[in-house]
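The residues making up each chain are set out below.
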Amino acid sequence: LITVREIYKKQDTLLNSQVTIGGWVRSLRDSKSFGFIVLNDGSYFETLQVVYHDTMENFSEISKLNVGAAVIVTGTLVPTPDAKQPFEIQATEVTVEGTSSSDYPLQKKRHTFEYLRTISHLRPRTNTFQAVFRVRSLIAYAIHQFFQERDFVYVHTPLITGSDCEGAGEMFQVTTMDLNNIPKTEEGTIDFSQDFFGKPTNLTVSGQLNGESYAMAFRNIYTFGPTFRAENSNTTRHAAEFWMIEPEMAFADLNDNMALAESMLKYVIRYVLEHAPEEMNFFNQFVDKDLLNRLNHVLNSDFAHVTYTEAVELLTKHNDEFDYKVFWGCDLQTEHERYLTEQLYKKPVFVTDYPKEIKAFYMKLNPDNKTVAAVDCLVPGIGEIIGGSQREDNYDKLVARMDELELNKEDYDFYLDLRKYGSARHAGFGLGFERCVMYLTGMSNIRDVVPFPRTVNNCEL
Ligand code: 4AD
Ligand code: MG
């Protein structure tokens, strides 16, 4: 079988020769002696029209096919100079692989994204989701390529852990205990010694802590895998299961971190513009009319830089426009992040040096003793896409901070070891993969860039 993509690529040599393709019926029209099938095989953005005739013995079987049926077509690829598509297949044989019943949900009309979310097993057969998930695949590849070209080692960090990297307590617990009959200790607390790992465990919220230990061996590493957060926020940018890319560099500081983040994002933008031009044009036409303009602007300018303190000063001037008023010490909300990137800077912005109280325990304390060497990268349309920091590499300072936050140091023994044995300045960040896909496609809901999304009250399929 040849694919529609290959046919488009090699059309010069394939015209007027015989081809065989397999695909699904997008639409079918028939008259007495011949009919047309519009076929999509998922390999390419374009569909291919097939003409079939009543000289075929299964003519009536073909004519009865419903949208969604799977067929294999053999025929001659002929030019169609007057039609929208440059060629079609004059079929000599159409084999029905699988019929489709008449209640096939994807009929030839526009369906809302909300509706398509209820059939996430079928939505990849629509133009929009073909484009989204092909671009998602390309972005993943581009990210690997970016880091591999720079000799970063890809580290597979565990999904089941005993620690809470972000310290936010938003974890899914992992247990094999019978929830209807939880073993109890004599004091009446849960007896985790009877659980699979003999202690409480959870799905990871971030691979960073394990990643740091590999950075202390390889210098430059990255992770790329699923992470899980039981955040009870029902928004268009939060998923319970999402993928994160977390590079970590030894002998690097916050500026090195930002330089890496900026060149990574630009690399990925350039990659998809070059490798998925049809899909990107489609998004620009049907999803977000400013997409290409915006992405090209990003490629041709430097990201903005602002400290948290400066950002708060700028934002408080506009407090009457916000639901949630800004003050020094507050966590920036999506409305503030978007105001910064969409109204004030109109491009990606690095916000640095946040108050330590609103950031994780591992971030390096700045000399002012109030802020930490943190950085968030905010982008128009989404807000935070990257969160990162330089890490606290001083053993005593890290222990002091963990004590302040009453963290159980035994859970972080290995992490403290890294500050005992050859500690070095180091920094890294986490890029939310889905938010990156949203940013590059213009899709506005995270549920529409994850094949099978998991969000609050939703774990279908
Ligand atoms: O800012 P976060 O929480 O940072 C970390 O997890 C660090 N350990 C990263 C590091 O320094 N190695 O998360 C990083 C990014 C966010 O900027 C966001 O893009 C994404 O992960 N993210 C989510 N994406 C989708 N759904 C959620 N619930 C997300 N939570 C975070
Ligand atoms: Mg963050």
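The structure displayed is predicted, hence computed values, not measured ones.

## What to know about the sheet that holds strand β9 (residues 201–203)
Here three strands make up an open sheet; going across it, the order is β7-β9-β8 and the pairing antiparallel. Lying at the two open borders of the sheet, with one neighbouring strand each, are β7 (160–161) and β8 (173–174).

## Some points on the site of ligand 1
Inspection of the region around ligand 1 gives 25 residues, with Glu166, Gln208, Glu231, Glu246 and Glu384 positioned closest. Between an oxygen atom of ligand 1 and a side-chain N or O atom of Arg229, the distance comes to 2.8 Å. Here an oxygen atom of ligand 1 and a backbone polar atom of Ile385 are 2.8 Å apart. Notes on ligand 1: free accessible area 630 Å², of which the protein chains cover 94%. Secondary-structure elements contributing two or more residues to the shell around ligand 1 are β11 (241–250), β15 (383–390) and β16 (426–432). Per-element tally for the shell around ligand 1: the top contributor is β15, with five residues.

## Topic: the side chain of Glu262
With respect to the helices and strands, the residue Glu262 is situated in helix α7 (residues 254–275). You can call Glu262 buried: its relative accessible area is 13%. Once you skip the residues sitting within four places of it in the chain, Glu262 turns out to touch Ser301, Asp302, Phe303 and Phe350.

## Side note on the pattern of salt bridges
The full count for this structure, using the stated rule, is 20 salt bridges. Between Arg401 and Glu404 there is a salt bridge; the shortest N-O distance is 2.4 Å. On the criterion of helical spacing, the pair formed by Arg401 and Glu404 is a turn pair, its members being three residues apart in helix α12 (residues 395–404). Of the residues examined, Arg401 reaches a relative accessible area of 15% and is grouped as buried.

## Digging into the pairing of strand β10 (residues 220–228)
Two faces, one strand: in a regular strand the side chains alternate between the faces of the sheet. The buried fraction of β10 is high, at nine of nine residues. In this structure, strand β6 (residues 153–154) lies alongside β10, joined through two bridges in parallel fashion. Its bridge partner lying in β10, Tyr154 is registered against Tyr222. Where β10 meets β11, nine bridges bridge the pair, whose relative direction is antiparallel. Bridging from a neighbouring strand, Thr227 pairs with Phe242 of β11.

## Examining the UniProt feature "domain: Aminoacyl-transfer RNA synthetases class-II family profile" (unreviewed entry) in the chain
The UniProt feature table records "domain: Aminoacyl-transfer RNA synthetases class-II family profile" (unreviewed entry) at residues 133–451. The straight-line gap between the two end C-alpha atoms of residues 133–451 is 8 Å; of that span, 36% is helix and 20% is strand.

## Side note on the nonpolar core
In globular proteins that are soluble, nonpolar side chains generally tend to be buried together. Grouped together as the largest cluster of nonpolar side chains are 69 residues, with contacts concentrated most on Ile139, Ile143, Phe147, Met264, Ile386, Leu431 and Tyr439. The greatest single-element share of this core, amounting to twelve residues, is contributed by helix α5 (residues 127–149). Those residues in contact with Ile139, other than ones at most four positions away along the chain, are Val268, Val272, Phe433, Cys436, Val437 and Leu440. Of all hydrophobic cores here, the second largest spans 32 residues; its members include Leu209, Ala304, Tyr339 and Ala360.

## Some details on unusual backbone geometry
Unusually for a residue other than glycine, Asn16 sits at a positive phi of about 70 degrees. Structurally, Asn16 can be placed in the loop between α2 (11–14) and β1 (18–30). Classification of Asn16 as exposed rests on a relative accessible area of 56%. Of note, Asn457 is a non-glycine position whose phi angle comes to about 65 degrees, a positive value. One can find Asn457 in the segment after α14 (433–441). Taking relative accessible area as the criterion, Asn457 reaches 81% and is therefore assigned exposed.

## Some details on α5
Here α5 spans 32 Å end to end across 23 residues, near enough to the 33 Å set by a 1.5 Å rise per residue. Looking one or two residues past α5, Asp151 carries a phi angle of roughly 65 degrees, positive in sign.

## Some words on the packing of aromatic side chains
For the structure shown, the criterion picks out 27 aromatic pairs. Taking 5.1 Å as the distance between ring centres and 15 degrees as the angle between the ring planes, the aromatic pair formed by Tyr154 and Tyr222 counts as stacked. Of this pair, Tyr154 sits in strand β6 while Tyr222 sits in strand β10; the two residues are 68 residues apart in sequence, bridging distant segments of the chain. What makes Tyr222 buried here is its relative accessible area of 0%. Ring centres of Phe282 and Phe286 lie 4.9 Å apart, and the angle between their planes is 50 degrees; this geometry places the pair in the tilted category. In this pair, Phe282 and Phe286 are both assigned in helix α8 (residues 277–286), four residues apart and thus about one turn of the helix distant.

Reading the values: the criteria
Residues numbered from 1 in each chain as written. Chains lettered and ligands numbered in written order. Predicted model: local features only at pLDDT ≥ 70, side-chain atom pairs only at ≥ 80, totals over all residues. Heavy atoms only, no water. Pairing = 2+ DSSP bridges. Helix = DSSP H or I, 4+ residues; strand = E, 2+ residues; numbered from the N terminus. Near = heavy atom within 4 Å. Polar contact = N/O pair within 3.5 Å; in protein donor to acceptor, adjacent residues only side chain to side chain. Areas by Shrake-Rupley, 256 points an atom, 1.4 Å probe, with all protein chains shown as cover. Buried < 20%, exposed > 50% of the residue type's maximum accessible area, 1.4 Å probe, protein only. Contact = heavy atoms within 4.5 Å. Salt bridge = Lys/Arg side-chain N within 4 Å of Asp/Glu carboxyl O. UniProt positions renumbered as here; feature names shortened; annotations may be inferred. Core = buried A, V, L, I, M, F, W, Y, C linked by side-chain atoms within 4.5 Å. Expected span 1.5 Å × (residues − 1). Phe/Tyr/Trp six-rings, centres within 6.5 Å; stacked < 30°, edge-to-face > 60°.

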